[in-house]
Amino acid sequence: MINKTIVALDFPDLESTKKFVDKVGSEIEFVKVGMQLFYSEGYKVIEYLKDKNYKIFLDLKLHDIPTTVSKSLKVIDKLNIEMVNVHVLGGYEMLKRAQESLSNTSLLGVTVLTSHDQKEISELSLTKDIASLVCDYHDLAYKAGLSGIVCSAQDLEHFSVKEGFFYVTPGIRLNQNHDDQKRVMKPRDAFDNGSTHIVIGREITTVQDPLGFLDQLKEHYERDC
Ligand code: C5P
């Protein structure tokens, strides 16, 4: 399971990323680069992480008209990374064009952010409940030919997962502090619920001893088997 645990490198720059990478080395295999780090360092950080042999999920959450998203993804595809994502809210045409623009990279559709709760969804005039929205967005992403979705591990209880489809779930907490995440789950429970990959960020990136956290995580995976 550790190889399906994606560490969110939510750092401000390459220097702080390197400090973290020097500590964890090959104890992690899969990393996520988000907007902050990519906007700050661009391709430099991708090249650095590729040199270290990490699998990379570029979490840019694209959401624009189909042509713009398609052209942007053609550029991203040249990076030869594992995963990139778009918002399912961009609609079927955007999803399909996005998928057709990639040949080297798996495309994930972001469904409902794990920081959203029902109140916020209602404020956006989305009248269905979160579970139904995620289910509908899942079906749309699948129909458009994407490789998987990003959702909360809690959402996976509400529909049947498809064989070979990726279910990447952030909002994971081994310990107590939820930060701004509202729909959270423990790592092992998330895998048991059908996650193919989980995303862990601040719980590992903000501690003094990330290797200690990884030991605790491995124990957690083994203990509940
Ligand atoms: O620190 P934490 O473990 O909460 O980090 C979660 C990571 O997953 C962040 O990088 C965040 O941008 C990302 N993410 C998320 N919810 C989504 C998609 C991505 O929290 N629906």
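That block above? That's the structure.
Residues numbered from 1 in each chain as written. Predicted model: local features only at pLDDT ≥ 70, side-chain atom pairs only at ≥ 80, totals over all residues. Heavy atoms only, no water.

### Considerations on the pairing of strand β1 (residues 5-8)
If a strand is regular, its side chains alternate between the two faces of the sheet.
Turning to step 1, where the next piece is worked out: Here β1 shows a buried face lined by Thr 5 and Val 7 and a second buried face lined by Ile 6 and Ala 8.
Turning to step 2, where the next piece is worked out: As paired elements, β1 and strand β8 (residues 197-200) share three bridges and run parallel to each other. Each residue of the ladder has a partner; that of Val 7, found in β8, is Ile 200.
Turning to step 3, where the next piece is worked out: Bridging between β1 and strand β2 (residues 30-33) involves three bridges; their strand directions are parallel. Bridged to Ala 8 within β2 is Lys 32. (Buried < 20%, exposed > 50% of the residue type's maximum accessible area, 1.4 Å probe, protein only. Helix = DSSP H or I, 4+ residues; strand = E, 2+ residues; numbered from the N terminus. Pairing = 2+ DSSP bridges.)

### Details of a negative patch on the surface
Turning to step 1, where the next piece is worked out: A grouping of Asp 209, Asp 215, Glu 219 and Glu 222 is seen on the molecular surface, where their side chains present a negatively charged patch.
Turning to step 2, where the next piece is worked out: Here Asp 215 is to be found in helix α10 (residues 210-223).
Turning to step 3, where the next piece is worked out: In this structure Asp 215 comes out as partly exposed when scored by relative accessible area, which is 47%. (Patch = residues over 30% accessible without salt bridge, like charges linked within 9 Å, V, L, I, M, F, W, Y side chains within 5 Å. Areas by Shrake-Rupley, 256 points an atom, 1.4 Å probe, with all protein chains shown as cover. Salt bridge = Lys/Arg side-chain N within 4 Å of Asp/Glu carboxyl O. Lys, Arg positive; Asp, Glu negative; His and termini not counted. Charge placed at Lys NZ, Arg CZ, Asp CG, Glu CD.)

### Some remarks on the site of the ligand
Turning to step 1, where the next piece is worked out: In the neighbourhood of the ligand, 15 residues make up the surrounding shell, with Asp 10, Lys 32, Gln 181, Gly 201 and Arg 202 lying closest.
Turning to step 2, where the next piece is worked out: Here an oxygen atom of the ligand and a backbone polar atom of Gly 201 are 2.8 Å apart.
Turning to step 3, where the next piece is worked out: In this structure, an oxygen atom belonging to the ligand sits 2.7 Å away from a side-chain N or O atom of Arg 202.
Turning to step 4, where the next piece is worked out: Protein contacts shield 88% of the accessible area of the ligand, which totals 470 Å² for the unbound molecule.
Turning to step 5, where the next piece is worked out: Class assignment for the residues of the shell around the ligand results in six nonpolar, three polar and six charged. (Near = heavy atom within 4 Å. Polar contact = N/O pair within 3.5 Å; in protein donor to acceptor, adjacent residues only side chain to side chain. Nonpolar A, V, L, I, M, F, W, Y, C, P; charged D, E, K, R; others polar.)

### Some remarks on the environment of Asn 175
Turning to step 1, where the next piece is worked out: Structurally, Asn 175 can be placed in the loop between β7 (166-169) and α8 (187-192).
Turning to step 2, where the next piece is worked out: Counting along the chain gives eleven residues from Asn 175 to Lys 186, while the straight-line C-alpha distance between them is 8.0 Å.
Turning to step 3, where the next piece is worked out: When neighbours within four sequence positions are excluded, Asn 175 is seen to be in contact with Glu 203, Phe 213 and Gln 216.
Turning to step 4, where the next piece is worked out: At 3.2 Å, the side chain of Asn 175 and the side chain of Gln 216 are in polar contact. (Contact = heavy atoms within 4.5 Å.)

### Describing the nonpolar core
Turning to step 1, where the next piece is worked out: Residues Val 33, Ile 46, Leu 49, Leu 58, Leu 73 and Val 86 are the most contacted members of the largest nonpolar core, which totals 64 residues.
Turning to step 2, where the next piece is worked out: Ranked by residue count, the leading element in this core is helix α7 (residues 130-143), at six residues.
Turning to step 3, where the next piece is worked out: With ten residues, the next largest nonpolar core counts Met 83, Leu 108, Val 110 and Val 199 among its residues. (Core = buried A, V, L, I, M, F, W, Y, C linked by side-chain atoms within 4.5 Å.)

### Description of the packing of aromatic side chains
Turning to step 1, where the next piece is worked out: Under the counting rule described, the total for this entry stands at six aromatic pairs.
Turning to step 2, where the next piece is worked out: Residues Phe 159 and Tyr 167 carry aromatic rings whose centres are separated by 6.3 Å and whose planes lie at 40 degrees to one another, so their mutual orientation is tilted. Of the two residues, Phe 159 and Tyr 167, neither departs from the other in class, the shared state being buried.
Turning to step 3, where the next piece is worked out: Through a chain of ring-to-ring contacts, the aromatic side chains of Tyr 142, Phe 159, Phe 165 and Tyr 167 assemble into a single cluster.
Turning to step 4, where the next piece is worked out: Above the ring of Tyr 92, the side-chain terminus of Lys 143 is found at 5.0 Å from the ring centroid.
Turning to step 5, where the next piece is worked out: Lying over the aromatic face of Tyr 142, Lys 162 brings its terminal NZ or CZ to 4.7 Å of the ring centre. (Phe/Tyr/Trp six-rings, centres within 6.5 Å; stacked < 30°, edge-to-face > 60°. Lys NZ or Arg CZ within 6 Å of the ring centre and 35° of its normal.)

### Section: helix α5 (residues 92-100)
Turning to step 1, where the next piece is worked out: Of all the positions in α5, only Met 94, Leu 95 and Ala 98 are classed as buried. Here the buried residues of α5 occupy an arc of 100 degrees about the axis, which is enough to place them on one side.
Turning to step 2, where the next piece is worked out: For α5, the secondary structure elements touched by its buried residues are β3 (55-62), α4 (66-77), β4 (83-87), β5 (106-110) and α7. (Arc of directions from axis to C-beta.)

### Here's the deal with the pattern of salt bridges
Turning to step 1, where the next piece is worked out: Using the criterion set out here, one finds eight salt bridges in the structure.
Turning to step 2, where the next piece is worked out: Taking the shortest distance from any N to any O, the salt bridge between Lys 44 and Glu 41 comes out at 3.0 Å.
Turning to step 3, where the next piece is worked out: Overall, the relative accessible area of 52% leaves Lys 44 in the exposed class.
Turning to step 4, where the next piece is worked out: With a relative accessible area of 16%, Glu 41 lands in the buried category.
Turning to step 5, where the next piece is worked out: Ionic contacts of the salt-bridge type, sharing partners, join the residues Lys 32, Asp 59 and Lys 61 into one network.

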